[in-house]
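Close look at the chain arrangement
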Amino acid sequence: MNENFKESIIVIIGMIALVSVIAMRHLLDKVTTREPELSLLYLPDKQLIHAFALGDDAAGADLLWLRGVFYIAANSVEEKQEEFQHNLKNKAHPSSGGKREVIYDKTDFRNDPTFQAILFWNLNGTEAPLLLGLADRVTDLDPGFVTPYVYAATSLALFYGRYKEARQIIDKGVLNCPNSWEPLYHRGFLRLFYENDKVGAAEDIRRAAMIPGAPIIVVQLAAALGIGAGQRDVALDFLRSLREITTDDVLKQKIDDMLKVYGEGTQVVITERKTDVKEKLNSMFAGDSLR
Amino acid sequence: MEALNRISAVALTTFRETIRNKVLLHLFGFAAAMMVLGWVVSNWSLGEPEKIIADIGLSVTTLSGVAIALFSGIVLVWGEVEQKTILPILAKPLPRRDYVVGKLVGFGGAVSIVYAGMNLLLLLLLLVFGEGITANILFSIYLSWWEVLIITALALLFSSFSSPTLSALYTVMLFVAGRFSEDIRIYISDNPLAYSRWILESVYAIIPHFGAFNIRLEAVHNLQLTSGRLLIPSLYGLAYLTVIVVLTTIVFRRRDLA
């Protein structure tokens with residue numbers, strides 16, 4: 001055999017191997033993808049991350065957070081959306097087993113079955129307890145990291161119906177991030193929608209609106225709460241503002257679905273400039289002006 | 001003046017040697033790749049991507065600076081002693097003290113330039129994809145530079161009397177201990193046993209307090225910093241560096257190179 005022939009054989013073998021490597025990638029994906037139960041995220045404690053990150057707690061917090069987000073995305077609630085959509089369409093409370101329920105107290109928007117379907121639908125996902133622990137540990141390492149408080153609180157409440165835990169983590173956020181409007185805004189959301197605490201919600205939103213950097217929609221919402229707009233309109237305004245603020249596409253979709261079924265309502269339009277509205281907010285909120 | 005000339009001659013040669021070292025280039029490339037990766041993953045964080053770019057970037061530049069100082073520093077004096085190239089140098093009217101200072105200045109300068117290059121890249125990333133450059137970010141880079149310089153000096157100290165493996169081991173041990181100095185202090189305050197307190201307090205006093213140079217949390221959240229928070233660690237860094245240089249000079253002067 002001459003040298004050229006030998007070299008050609010080697011090149012051909014190499015090319016066959018390369019094609020095999022590419023072809024086997026899909027097979028590898030199949031055999032290496034774990035079931036969600038098997039790929040449960042291990043949440044190391046604060047001290048371990050502190051040691052692993054060589055004392056660089058902020059970077060350790062980021063890495064743990066990203067790992068957690070990847071896990072939750074992989075075990076996403078999206079696959080459970082069909083069940084949710086069915087309940088939403090039928091305006092059914094989760095406990096009704098998906099059957100339509102039409103009798104409710106119209107004086108309180110929280111009794112509206114659509115809202116019930118949205119707010120109290122518990123997906124029973126295994127990610128829920130993990131989410132609280134994840135956010136808690138990440139924020140132990142980096143108390144100023146706002147995203148985990150907000151994401152964990154909205155997800156725990158809106159996807160898992162675990163609003164007590166949501167409240168727990170958002171309270172921590174309000175305490176640790178006094179210069180951020182986001183934890184206050186989301187605590188206001190939880191207070192209004194889950195605890196029916198209109199005064200507390202109005203106060204949180206007012207405080208959020210006064211913090212520099214708060215978007216105009218939060219200021220408008222504070223004003224709407226302050227002038228005592230109708231409950232339905234305020235609730236819808238709140239959801240619209242949440243839709244605008246959130247970066248989570250699944251949550252956005254959920255709110256879109258809800259607005260579609262529930263109706264657009266009358267938006268409380270505040271035409272004044274942001275600064276003028278802010279100046280008036282304090283006087284508006286003297287006492288409980290919500291009806 | 002003559003001493004200054006001798007030191008600058010050694011420093012210049014060391015600077016050139018270090019800059020030519022390929023390890024530097026590899027670690028620079030690694031740091032650049034990690035920073036770009038930080039930017040990529042920051043978009044998956046569901047919020048505050050600019051915080052993640054800054055966090056990971058500041059962490060990567062510091063750790064890469066330390067790694068460069070470590071890997072290049074541990075062979076600095078040892079290599080010259082092993083290859084006997086140090087003998088003709090010291091045969092000249094060059095005190096060992098000047099040789100050590102020159103080595104540190106040259107090596108420290110080279111490491112600082114690479115560290116500055118990595119941080120320029122980080123600042124560019126922050127400018128384009130982050131929330132811009134704040135004074136706190138610059139202060140954080142400045143304080144971390146002291147950490148890199150101390151590791152540089154420690155690597156040089158160990159390189160002056162032991163093998164690269166042992167030098168790396170000692171430097172890494174001190175780096176890790178220094179990073180956890182804050183934890184040692186907390187442990188001391190909680191420890192009721194008097195004799196172990198005394199030992200721990202001695203350890204705490206000796207090891208470099210790298211926690212003092214870490215203001216990365218304050219930098220990424222743009223929290224207010226006092227002038228003392230910047231000045232005192234700088235003075236501490238300078239004092240610690242001086243101690244290491246003196247120690248290296250004493251150790252190296254007593255070493256038999258024949």
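Residues numbered from 1 in each chain as written. Chains lettered and ligands numbered in written order. Predicted model: local features only at pLDDT ≥ 70, side-chain atom pairs only at ≥ 80, totals over all residues.

**Some points on the overall build of chain A**
Using the following cut-off: The helix count covers DSSP runs of H or I at least four residues long, the strand count covers runs of E at least two residues long, and both are numbered beginning at the N terminus. Between the buried cut of 20 or more and the exposed cut of 12 or fewer other C-beta atoms within 10 Å of a residue's own C-beta lies the partly exposed class, and all C-beta atoms are placed from the backbone. Here, residues touch in the contact sense if the C-beta positions derived from the backbone fall within 7 Å of one another.
When its secondary structure is counted, chain A shows 14 helices and zero strands. Counting the 291 residues in chain A, one finds 40% classified as buried. Nonlocal contacts in chain A, meaning residues at least 24 apart in sequence, comprise 60% of its contacts between residues at least 6 apart.

**Some words on the interface of chain A and chain B**
Operational definition: Here the term charged refers only to Asp, Glu, Lys and Arg, the term nonpolar to Ala, Val, Leu, Ile, Met, Phe, Trp, Tyr, Cys and Pro, and the term polar to all other amino acids, Gly among them.
On the chain B side, the residues contacting the 19 residues of chain A number 20 residues. Among the elements of the structure, helix 3 (57–74) and helix 7 (146–160) of chain A are those that each provide at least two residues to the side of chain A that touches chain B. Looking at which element gives the most residues to the side of chain A that touches chain B, the answer is helix 3 of chain A, with seven residues. Of the residues assigned to the side of chain A that touches chain B, the class counts are 10 nonpolar, four polar and five charged.

**Some details on helix 12 (residues 227–254) of chain B**
Residue and element names in this part refer to chain B. Rules: Working rule for helices: expected span equals 1.5 Å times residues minus one.
An ideal rise of 1.5 Å per residue puts 40 Å on 28 residues; helix 12 measures up with 41 Å between its terminal C-alpha atoms. Along helix 12, the residues that are buried comprise P233, G237, Y240, T248, T249 and F252. Its buried side turned inward, helix 12 meets helix 6 (96–129) and helix 7 (135–159).

**Some thoughts on the nonpolar core**
Test applied: Note on terminology: a nonpolar core is any set of buried Ala, Val, Leu, Ile, Met, Phe, Trp, Tyr and Cys residues joined through C-beta atoms within 7 Å.
The biggest cluster of nonpolar side chains holds 121 residues, and the ones touching the most others in it are A152, A153, I205 and V218 of chain A together with I151 of chain B. Among the elements that line this core, the one with the most residues is helix 7 of chain B, at 15 residues.

**Some details on unusual backbone geometry**
Keep in mind that most residues, glycine aside, have a negative phi and that most peptide bonds are trans. Phi is positive for N222 of chain B, close to 50°, though the residue is something other than glycine. Owing to 16 C-beta atoms within 10 Å, N222 of chain B belongs among the partly exposed residues under this scheme.

**Considerations on the environment of F158 of chain B**
Residues and elements named next belong to chain B. On the secondary structure map, F158 appears in helix 7. A sequence separation of 136 residues divides F158 from K22, and the C-alpha atoms of the two residues are 22 Å apart. Here F158 is in contact with I74, L166, S167, Y170 and T171, once residues within four sequence places are set aside.

**Things to note about the confidence of the model for chain A**
Residue and element names in this part refer to chain A. For clarity, the cut-off: A residue's pLDDT is simply how confident the predictor is in it, with values from 0 to 100.
Per-residue confidence for chain A gives a mean pLDDT of 70, with 58% of residues at or over 70. Helix 14 (residues 274–284) is the least confidently modelled element of chain A, averaging 45 in pLDDT, while helix 8 (residues 163–176) averages 90, the highest of any element. Here residues 265–278 is a poorly scored stretch, pLDDT under 50, and it has 21 contacts once near neighbours within four places are set aside; other chains count. Under a pLDDT of 50 for its full length, residues 280–291 has, in the predicted model, 23 contacts with residues more than four places off or in other chains.

**A word on the environment of H26 of chain B**
All names here are of chain B. Within the secondary structure layout, H26 lies in helix 2 (residues 22–42). Looking at H26, the number of C-beta atoms within 10 Å reads 13, which means it is partly exposed. Taking the C-alpha atoms as reference, H26 lies 15 Å from T62; in sequence the two are 36 residues apart.

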